[in-house]
Amino acid sequence: MTDASAPDPRLLFFAGSTRANSFNKRLAKLGAMIAEANSIPATFVDLADYPMPIYNGDLEAESGQPENAHKLKNLMKAHTGVMIVCPEYNASITPLLKNTIDWVSHVRDEGEAPLEVYRTRVFALASASGGGLGGLRGLMHVRAILELGIGALVLPEQFALPRANDSYDEHGHLKNKDQTEQFKAVIQKLARAARVLHS
Ligand SMILES: Cc1cc2nc3c(=O)[nH]c(=O)nc-3n(C[C@H](O)[C@H](O)[C@H](O)COP(=O)(O)O)c2cc1C
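As the structure is a prediction and not an experimental result, all values here were calculated from the model.

### Here we look at the pattern of salt bridges
Then comes step 1: With the rule as written, the count across this model stands at 11 salt bridges.
Then comes step 2: The salt bridge partner of Arg-137 is Glu-88, with a shortest N-O separation of 2.7 Å. With Arg-137 in helix 6 (residues 136-149) and Glu-88 in the loop between strand 3 (81-85) and helix 4 (95-106), this pair connects stretches of sequence that are 49 residues apart.
Then comes step 3: With a closest N to O distance of 3.0 Å, Lys-98 and Asp-102 form a salt bridge. Note that Lys-98 and Asp-102 are positioned in helix 4 at a spacing of 4 residues, about one turn of the helix.
Then comes step 4: The exposure class of Asp-102 is partly exposed, given its relative accessible area of 25%.
Then comes step 5: The structure contains a network of salt bridges with shared partners spanning Lys-73, Lys-77, Asp-109 and Glu-112.

### Digging into the sheet that holds strand 5 (residues 153-161)
Then comes step 1: The strand order across the open sheet built from 5 strands is 2-1-3-4-5, with neighbouring strands paired in parallel fashion. Every interior strand has two partners, whereas the edge strands, strand 2 (42-45) and strand 5, have only one. Neighbouring strand axes in the sheet, compared pairwise and without regard to direction, differ in orientation by 20° on average.

### Observations concerning the side chain of Ser-167
Then comes step 1: Structurally, Ser-167 is set in the loop between strand 5 and helix 7 (177-197).
Then comes step 2: On the basis of relative accessible area, Ser-167 is assigned to the buried category, the value being 8%.
Then comes step 3: Looking at Ser-167, its side chain comes within polar contact range of the main-chain oxygen of Pro-162, at 3.4 Å.
Then comes step 4: The residues contacting Ser-167, other than those within four sequence positions of it, are Leu-161, Pro-162, His-173, Leu-174 and Lys-175.

### Quick notes on the packing of helix 1 (residues 23-37) against helix 7
Then comes step 1: Where helix 1 meets helix 7, the axes come as close as 10 Å, and the angle between the chain directions of the two elements is 70°. Considering the angle they form, helix 1 stands roughly perpendicular to helix 7. Mapping the contact onto sequence places Leu-27, Leu-30, Gly-31, Ile-34 and Ala-35 in helix 1 and Thr-180, Phe-183, Lys-184 and Ile-187 in helix 7.
Then comes step 2: By residue class, the composition of the contact of helix 1 with helix 7 is 6 nonpolar, 2 polar and 1 charged.

### Observations regarding the site of the ligand
Then comes step 1: Close to the ligand lie Ser-17, Arg-19, Ser-22, Phe-23, Asn-24, Pro-87, Glu-88, Tyr-89, Asn-90, Ala-91, Ser-129 and Arg-137.
Then comes step 2: The side chain of Ser-129 places a nitrogen or oxygen atom 2.6 Å from an oxygen atom of the ligand.
Then comes step 3: Between the ligand and Arg-137, the relevant distance is 3.3 Å, taken from an oxygen atom to a side-chain nitrogen or oxygen of the residue.
Then comes step 4: When the free accessible area of the ligand is taken as 620 Å², the share hidden by the protein chains comes to 69%.
Then comes step 5: A class-by-class count of the residues in the shell around the ligand yields 4 nonpolar, 5 polar and 3 charged.

### Comments concerning the packing of aromatic side chains
Then comes step 1: Counted by the stated rule, this structure contains 3 aromatic pairs.
Then comes step 2: Taken together, a centroid distance of 6.0 Å and an interplanar angle of 25° make the contact between Tyr-118 and Phe-123 stacked.
Then comes step 3: Tyr-118 gets classed as buried once you look at its relative accessible area, which sits at 3%.
Then comes step 4: The aromatic ring of Phe-23 is capped on one face by Arg-19, whose charged end is 5.4 Å from the ring centroid.

### A look at the pairing of strand 1 (residues 11-15)
Then comes step 1: Burial analysis of strand 1 places 5 of its 5 residues in the buried class, which makes it a mostly covered element.
Then comes step 2: The side-chain alternation of strand 1 yields two buried faces, one formed by Leu-11, Phe-13 and Ala-15 and the other by Leu-12 and Phe-14.
Then comes step 3: For the crossover from strand 1 across helix 1 to strand 2, the handedness is right-handed.
Then comes step 4: Note that strand 1 and strand 3 share 5 bridges and pair parallel. Among the inter-strand pairings, Leu-11 is bridged to a residue of strand 3, identified as Gly-81.

### A look at the environment of Thr-180
Then comes step 1: Tracing the backbone through its elements, the reader meets Thr-180 in helix 7.
Then comes step 2: For Thr-180 and Leu-30, which are 150 residues apart along the polypeptide, the C-alpha to C-alpha distance reads 9.6 Å.
Then comes step 3: In this structure Thr-180 touches Ile-34 and Leu-174, once residues within four positions along its chain are discounted.

Rules used in this analysis
- Chains are numbered independently. Their residues run from 1 in the order of the written sequence.
- For this predicted model, a pLDDT threshold of at least 70 governs which residues receive local features, and a threshold of 80 or more governs which side-chain atom pairs are given and counted, while totals over whole chains, interfaces and linings are taken from all residues.
- Heavy atoms from the whole structure form the basis of all side-chain values; hydrogens and water molecules are not counted.
- The rule for a salt bridge is simple: a side-chain nitrogen of Lys or Arg has to be within 4 Å of a carboxyl oxygen of Asp or Glu.
- Each helix is a run of DSSP H or I of at least 4 residues and each strand a run of E of at least 2, with the numbering of both proceeding from the N terminus.
- Each residue gets one of three labels from its accessible area relative to the maximum for its type: buried under 20%, exposed over 50%, partly exposed in between, using a 1.4 Å probe on protein chains only.
- Here the rule is simple: two strands pair whenever DSSP picks up at least two bridges between them.
- Between N-to-C directions, angles span 0 to 180 degrees; the directions come from axes that are lines fitted to C-alpha atoms, helices contributing only their stretch in contact.
- Distance and chemistry together define a polar contact, namely a pair of N or O atoms within 3.5 Å, with one atom able to donate a hydrogen and the other to accept it when in protein, and with adjacent residues in sequence counting only for side-chain atoms on both sides.
- The contact definition used throughout considers only heavy atoms, calling two residues in contact when any of these lie within 4.5 Å.
- Roughly parallel means an angle under 35 degrees; roughly antiparallel means over 145; roughly perpendicular covers 65 to 115; every other angle is labelled oblique.
- Here the nonpolar group is Ala, Val, Leu, Ile, Met, Phe, Trp, Tyr, Cys and Pro; Asp, Glu, Lys and Arg are the charged ones; every other residue, Gly included, is treated as polar.
- Nearness is defined per residue: one heavy atom within 4 Å of the molecule or strand is enough.
- For every accessible area listed, the method is Shrake-Rupley and the probe measures 1.4 Å; residues are considered covered only by the protein chains on display.
- A pair of aromatic rings is counted whenever rings of Phe, Tyr or Trp (Trp by its six-membered ring) have centres within 6.5 Å, and the orientation is called stacked for planes under 30 degrees apart, edge-to-face for over 60 and tilted otherwise.
- Both a distance and an angle decide whether a charge sits over a ring: NZ of Lys or CZ of Arg must be within 6 Å of the ring centre and within 35 degrees of the ring normal.
- Look down the strands so they point away from you; if the path from the first strand over the helix to the second goes clockwise, the crossover is right-handed.

Have a look at this one:
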């Protein structure tokens, strides 16, 4: 039974790569398309549009937090669930994603509890890689950062796309129907969890 008073879930999708032809960006975009096709409002954003310097405490003390960190935090706030699609670099998170998470974790507007935006959304993780494990190992680190470091709620379900160089058709969909269904199941669970958390 769904709570009629709960707001409709809104999902934000972004990837931890800014590469033009990024497999992970394509998966994040596809995730937003799948959500919309299933009547779940969704937004895809490209971190290339939110550049930030590498975090440095002196820089923060002198210049404050980058405007793009505020913009991203507000975007997260405007959605109830967030899917992060992250490439695996040396079995871990990309520096881009870690830097983005770190800057946003320091943005605290007046009246907000520390880390409030992270602690009041639901997160889901996905990855894509040309390798056989699909970037699965990197997601363990992304999960640890969000859960242990930040106190965010992260779904146990996640999706990893192996051999991503041969997995997309010309429309950006996955060629493999089973993989599409697995990815869709994670997105639908994210939407359900976001609805429950905000009811
Ligand atoms: C520094 C570096 C380390 C990498 N380490 C891994 C790895 O541990 N496992 C893996 O599957 N792929 C690894 N890769 C390959 C990436 O998965 C591949 O470049 C992928 O296309 C990056 O994601 P993107 O397409 O979204 O930009 C690595 C790539 C780089 C640049």
